[in-house]
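# Fold and contact review
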Amino acid sequence: GLMSDSDARRIAHNAQLAYRNSPRHDSRAALELGNSVMILLAGGDATQRSQAAAHLGELRHTATEKPLRLALLDPSPAVRREVCNALGRSKSPSAAFAVASCFHDPNLSVQISAIKAAGRLNNPAILPAILKCFASPAQTVQTAAARSAGILAPSATNAATQNKCVKQLAAAAQSPSVSVRAAAVAALGRIAAPAGLAAICAAAADREPLVRFQAAGALKKYTAPQAAKLLAALRKDPDPAVRSAAK
């Protein structure tokens, strides 16, 4: 395990108390939480630890955050991946910087889970760390980064951070990867910043229907004459899904 039984038992006990003392939670559920914490931190094989992390994630309670953070150091990539997923389900903005520690994990699937989790945690302060993930050579990582950036950037209060995000997404919209381009264009549409319109307009002529589909949805966020003109053209696109998205 990651720690001794006594240390894990102390953390489990504190988590149980916090859970039991919150509204609408009974002693039995608190006991199950404590058992999961013990398995996660002090015993069980990788499959059992992953299941324990999943159980804690399903509770969506602040009492689970500390043990889950500690479990990000688990030697098993499968466990770290499930812990990231669990923290993402917690909806706790403070957990964003914890999952960010796995943005550059040695295991690719852990990286992707961490980036996706950060996007669900409603903390735009993590955006600079997400933008660094675009430097990854892995297209799956870049796609995850684009999606999470698109979720968080609209609520960013720092104009410089949002502008940097739009610039990065505009560059990603020219990626050789279809999935990266599509995710970047969709993210630009969510942000709907004037600086992102040029990249979206270029995507309306992309050779791949998926990218044009995302461009159609993104263009609807703009009132500029250029956007209206391109939407009219996309309503005649050879692909039925693109035509439907442009209506």
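Presented here is a report on the structure given in the accompanying data block. Quick caveat: nothing in here was measured; it's all calculated off a predicted structure.

An α-helical turn contains 3.6 residues, so any two residues separated by three or four positions project in the same direction. Counted at 1.5 Å a residue, the expected span for helix α2 (residues 27-42) with its 16 residues is 22 Å, and the 22 Å between its end C-alpha atoms agrees. When α2 is considered as a whole, its buried residues turn out to be Ala 29, Ala 30, Leu 33, Gly 34, Ser 36, Val 37, Leu 40, Leu 41 and Ala 42. Two residues or fewer after α2 comes Gly 44, characterised by a positive phi angle close to 85 degrees.

With that settled, consider the packing of α2 against helix α3 (residues 46-59). At a closest axis distance of 8 Å, the pairing of α2 and α3 adopts a crossing angle of 140 degrees. Considered as vectors, α2 and α3 are oriented oblique to each other. Here the hand of the crossing between α2 and α3 comes out left-handed. Contact with α2, carried on its side by Glu 32, Leu 33, Ser 36, Val 37, Ile 39 and Leu 40, involves Gln 48, Arg 49, Ala 52, Ala 53, His 55, Leu 56 and Leu 59 of α3 and no other residues of that element. For the contact of α2 with α3, the residue count by class is eight nonpolar, three polar and two charged.

This model, assessed by the stated rule, comprises eight salt bridges. Linking Arg 49 and Asp 74 is a salt bridge whose minimum nitrogen-to-oxygen distance equals 2.7 Å. Of this pair, Arg 49 sits in helix α3 while Asp 74 sits in the loop between α4 (65-71) and α5 (77-89), and the two are 25 residues apart along the sequence. By relative accessible area, Arg 49 is classed as buried at 12%.

The final tally for this structure, using the stated rule, is zero disulfides. No disulfide involves Cys 165; its sulfur sits 12 Å from that of Cys 133, the nearest cysteine. In this structure Cys 201 is not part of a disulfide, and its nearest cysteine sulfur, from Cys 165, lies 18 Å away.

Glancing now at the nonpolar core. One finds Leu 40, Val 83, Phe 103, Leu 169 and Leu 219 to be the most contacted residues of the largest nonpolar core, which totals 86 residues. A total of eight residues in this core trace back to one element, the largest contributor, which is helix α11 (residues 178-191). The contact partners of Phe 103, leaving out residues within four places of it in the chain, are Gln 111, Ala 114, Ile 115, Ala 118, Ile 126, Ala 129, Ile 130 and Cys 133.

With that out of the way, let us pick up the environment of Leu 131. Mapped onto the elements, Leu 131 comes out in helix α8 (residues 127-132). C-alpha separation for the pair Leu 131 and Ile 39, spaced 92 residues apart in sequence, amounts to 35 Å. Those residues in contact with Leu 131, other than ones at most four positions away along the chain, are Lys 164, Cys 165 and Gln 168.

The interhelical angle for the contact between helix α10 (residues 159-172) and α11, taken along N-to-C directions, is 145 degrees, at an axis separation of 8 Å. In this structure, α10 crosses over α11, and the sense of that crossing is left-handed. Contacts between α10 and α11 involve Gln 162, Cys 165, Val 166, Leu 169, Ala 170 and Ala 172 from the first element and Val 180, Arg 181, Ala 184, Ala 187, Leu 188 and Ile 191 from the second.

The next thing to look at is the environment of Arg 181. Among the secondary structure elements, Arg 181 is positioned in helix α11. Looking at Arg 181, the relative accessible area reads 3%, which means it is buried. Setting aside its immediate chain neighbours within four residues, Arg 181 contacts Ala 172, Ala 173, Gln 174, Ser 175, Pro 176, Asp 206, Arg 207, Glu 208 and Val 211. A distance of 3.0 Å separates the side chain of Arg 181 from the backbone oxygen of Ser 175, its partner in a polar contact.

Take the side chain of Thr 64 next. Mapped onto the elements, Thr 64 comes out in the loop between α3 and α4. Given a relative accessible area of 2%, Thr 64 falls into the buried group. One polar contact links the side chain of Thr 64 to the main-chain carbonyl oxygen of His 61, over a distance of 2.8 Å. Beyond its immediate stretch of four places on either side in the chain, Thr 64 contacts Leu 33, Leu 56 and Leu 59.

Calculation notes
Residues numbered from 1 in each chain as written. Predicted model: local features only at pLDDT ≥ 70, side-chain atom pairs only at ≥ 80, totals over all residues. Heavy atoms only, no water. Helix = DSSP H or I, 4+ residues; strand = E, 2+ residues; numbered from the N terminus. Expected span 1.5 Å × (residues − 1). Buried < 20%, exposed > 50% of the residue type's maximum accessible area, 1.4 Å probe, protein only. Axes fitted to C-alpha atoms, helices over the stretch in contact; angles between N-to-C directions. Parallel < 35°, antiparallel > 145°, perpendicular 65-115°, else oblique. Left-handed = near helix turned anticlockwise from the far one by under 90°. Contact = heavy atoms within 4.5 Å. Nonpolar A, V, L, I, M, F, W, Y, C, P; charged D, E, K, R; others polar. Salt bridge = Lys/Arg side-chain N within 4 Å of Asp/Glu carboxyl O. Disulfide = S-S within 2.5 Å. Core = buried A, V, L, I, M, F, W, Y, C linked by side-chain atoms within 4.5 Å. Polar contact = N/O pair within 3.5 Å; in protein donor to acceptor, adjacent residues only side chain to side chain.

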